[in-house]
Amino acid sequence: MEYSAPRGTQDITPDESGIWQYLEATVRETMARCGYGEIRTPIFEHTEVFERGVGTTTDIVEKEMYTFRDRGDRSITLRPEGTAPVIRAYVEHRMAARPQPAKMYYIGPMFRYERPQAGRFRQFHQFGMEVVGVPGPAADAEVIATPLEVFRALGIRDVVVNLNSIGCPVCRGAYREALRQVYQPVLAELCPSCQGRYDRNPLRLLDCKSEQCRASVPEPPPIFGYLCPECASHFAELRLLLDGLGIEYVINSRLVRGLDYYTRTTFEYNVGGIGSQDAIGGGGRYDGLVEQFGGQSVPGVGVACGMERCVLAMKAEADDSRFARGITVYLVSLGDAARAKAFELAFDLRAHGISADFDMIGRGLKAQMRYADKLSARYVAIIGDDELERGAVALKDMASGSQQDVPIAQLATQLLNNR
RNA sequence: GUGGGUGUAGCUCAGUUGGCUAGAGCAUCAGAUUGUGGCUCUGAGGGCCGUGGGUUCAAGUCCCAUCACCCACCCCA
């Protein structure tokens, strides 16, 4: 019986981990440059964190969570998203008493019980950022713009930014009623899930893509006519900030998103070429969430990006050779004495910060050369009986094929100089 | 949760109307006059043909079930 990784999970093998490390390094570098500190929250939380944070009417909470009872009979859930835990931590650690705003980022695995497909997994990874304590649109703009910096650094082109405002509790009530008026006459023709949405969460009616609903529903009015003055000016200012950065975006009045905590700004990034799951990231403002967790009324904005989808997009771009690893020098040895010397020499070079590897299984010269080539070694240093006697190695540049004798004592400095 | 597709070597796939010890390319390993990689050539290892049942003299091939994977819906990252 052979085992396989559980459904919807995958191994990232050494062949794949290079691209992941590049992605992670790019995220960390960008976040640090933008003034964000990393926060690491637990992989699992009390189930209530997500029920209260994400919202009980969401698909995530209704049918996608990995929830179980632990041995103390507590209900535990593997985190399906990152924002609720971060806000829980913000309240728990009294971060409101630290310099505001709190700017945090995270990288890590998330879990949702869904049918896997291209770009969708049961264990997947996100990087995300949260700005807590900024009521104005500068935070929204930064949170929208920063992942775009990451995408650009990764070589992901043609990212489309979809942008919307879904108002606040004040203006949303009126809009909700307006939507109900539009949908009420055609209620019987709606798809089953929309019939449920009509009562529970009319805003999500906008999100439906089913042909059935498309055909029978008249175009609903955009929310913009219903926004209260504060929400309207917040949205207008945000647009000015984005315009100032030269960021192009598409106003999409149907962009609602499936988490209950959003207020005002919502947005999503889409890319082509990675299958039908083309949302590479998304986020929005959540002004009531800190209060939900028992904190003061502190506003927040955040974004989360799917790393598997980033990897797909990176691979869709032509040149992925830059993610490959390679060592600086491979030590080819001939005979037992030379092999022992190569072993010592490898550790000596490594101690100098040079990546070096050597033959461990006593292969022939040709086989060692082939292996060095497959490792993409930049140099090969050959040690045989002659070289042992002279205290030197034959150093070969694998790209040019040129070769020279180098005294062993000078090998490290020579390699460092050639860099 | 719903629908469609696919399961043969590590990978990508051939395999005739059911019929000999199941093949190819790539990959791995070893060689091609004894100390030099990529190109070429030779050879080797590696398969319970996803699993279980059925039909048949005979099943990789036909039937049923099951599992897994892929894609899509839904929703999201």
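An account of the accompanying structure is given in this report. (Residues numbered from 1 in each chain as written. Chains lettered and ligands numbered in written order. Predicted model: local features only at pLDDT ≥ 70, side-chain atom pairs only at ≥ 80, totals over all residues. Heavy atoms only, no water.)

A separate point is the packing of helix α1 (residues 14-33) against helix α11 (residues 307-316). Relative orientation of the contacting elements α1 and α11 amounts to 110 degrees, with a least axis distance of 11 Å. The orientation of α1 with respect to α11, classified from their angle, is roughly perpendicular. Two secondary-structure elements touch here, α1 through Glu16, Ile19, Trp20, Tyr22, Leu23 and Glu24 and α11 through Met307, Glu308, Cys310, Val311, Met314 and Lys315. (Axes fitted to C-alpha atoms, helices over the stretch in contact; angles between N-to-C directions. Helix = DSSP H or I, 4+ residues; strand = E, 2+ residues; numbered from the N terminus. Parallel < 35°, antiparallel > 145°, perpendicular 65-115°, else oblique. Contact = heavy atoms within 4.5 Å.)

Another aspect to go through is the protein's contact with RNA strand B. Around RNA strand B, the surrounding shell holds 49 residues, and the nearest of these are Arg197, Gly258, Ala279, Arg309 and Met398. The sugar-phosphate portion of RNA strand B accounts for 55% of its atoms within 4 Å of the protein, the bases making up the rest. One of the backbone N or O atoms of glycine 119 is found 3.5 Å from a base nitrogen in RNA strand B. At 3.3 Å from a phosphate oxygen of RNA strand B is found a side-chain nitrogen or oxygen belonging to arginine 363. (Near = heavy atom within 4 Å. Polar contact = N/O pair within 3.5 Å; in protein donor to acceptor, adjacent residues only side chain to side chain.)

Next up on the list: the nonpolar core. Formed by 49 residues in total, the largest nonpolar core has its most connected members in Val54, Tyr90, Met104, Val132 and Tyr183. Of all the elements in the fold, those that place two or more residues in this core are α2 (47-54), α3 (59-63), α4 (83-92), β5 (102-111), β6 (123-132), α6 (169-183), α7 (192-200) and α10 (289-292). Counting residues per element, this core draws most heavily on α4, which supplies six residues. Apart from residues lying up to four places away in sequence, tyrosine 90 is in contact with Met95, Ala96, Gln100, Ala102, Met104, Val132, Val290 and Val298. Judged by nonpolar contacts, the second largest core, of 43 residues, contains Ala141, Val271, Ile280 and Phe323. (Core = buried A, V, L, I, M, F, W, Y, C linked by side-chain atoms within 4.5 Å. Buried < 20%, exposed > 50% of the residue type's maximum accessible area, 1.4 Å probe, protein only.)

The subject of this paragraph is helix α9 (residues 229-244). Taking 1.5 Å of rise per residue, the 16 residues of α9 would be expected to cover 22 Å, and the 22 Å separating its terminal C-alpha atoms lies within 8% of that figure. Within the span of α9, buried status applies to Cys231, His234, Phe235, Leu238 and Leu242. The buried side chains of α9 occupy one side of the element, clustering within an arc of 95 degrees when seen end-on. In α9, those exposed residues whose orientation departs by more than 90 degrees from the buried face are Pro229, Leu240 and Gly244. At its buried positions, α9 is contacted by α5 (137-154), β7 (160-165), α6, β8 (250-251), β9 (263-270) and β10 (279-285). (Expected span 1.5 Å × (residues − 1). Arc of directions from axis to C-beta.)

Quick look at the environment of threonine 58 now. Relative to the elements of secondary structure, threonine 58 occurs in the loop between α2 and α3. Linking threonine 58 and leucine 259, residues 201 residues apart in sequence, is a C-alpha distance of 6.1 Å. If we skip the residues at most four places from it in the chain, threonine 58 touches Gly258, Leu259 and Asp260.

Let us now look at the packing of aromatic side chains. For the structure on display, the rule yields 10 aromatic pairs. Between phenylalanine 224 and phenylalanine 235 the ring centres are 5.5 Å apart and the planes differ by 15 degrees, which places this aromatic pair in the stacked class. Of this pair, phenylalanine 224 sits in the loop between α8 (211-216) and α9 while phenylalanine 235 sits in helix α9, and the two are 11 residues apart along the sequence. For phenylalanine 235, a relative accessible area of 6% corresponds to the buried category. Seen in terms of ring centroids, phenylalanine 343 and phenylalanine 358 are 5.3 Å apart; in terms of plane orientation they differ by 90 degrees. Their pairing is edge-to-face. Separated by 15 residues along the polypeptide, phenylalanine 343 in helix α12 (residues 336-351) and phenylalanine 358 in strand β13 (residues 356-358) bring together distant segments of the chain. Overall, phenylalanine 343 belongs to the partly exposed group, its relative accessible area being 42%. (Phe/Tyr/Trp six-rings, centres within 6.5 Å; stacked < 30°, edge-to-face > 60°.)

These figures come from the coordinates and say nothing about function on their own.
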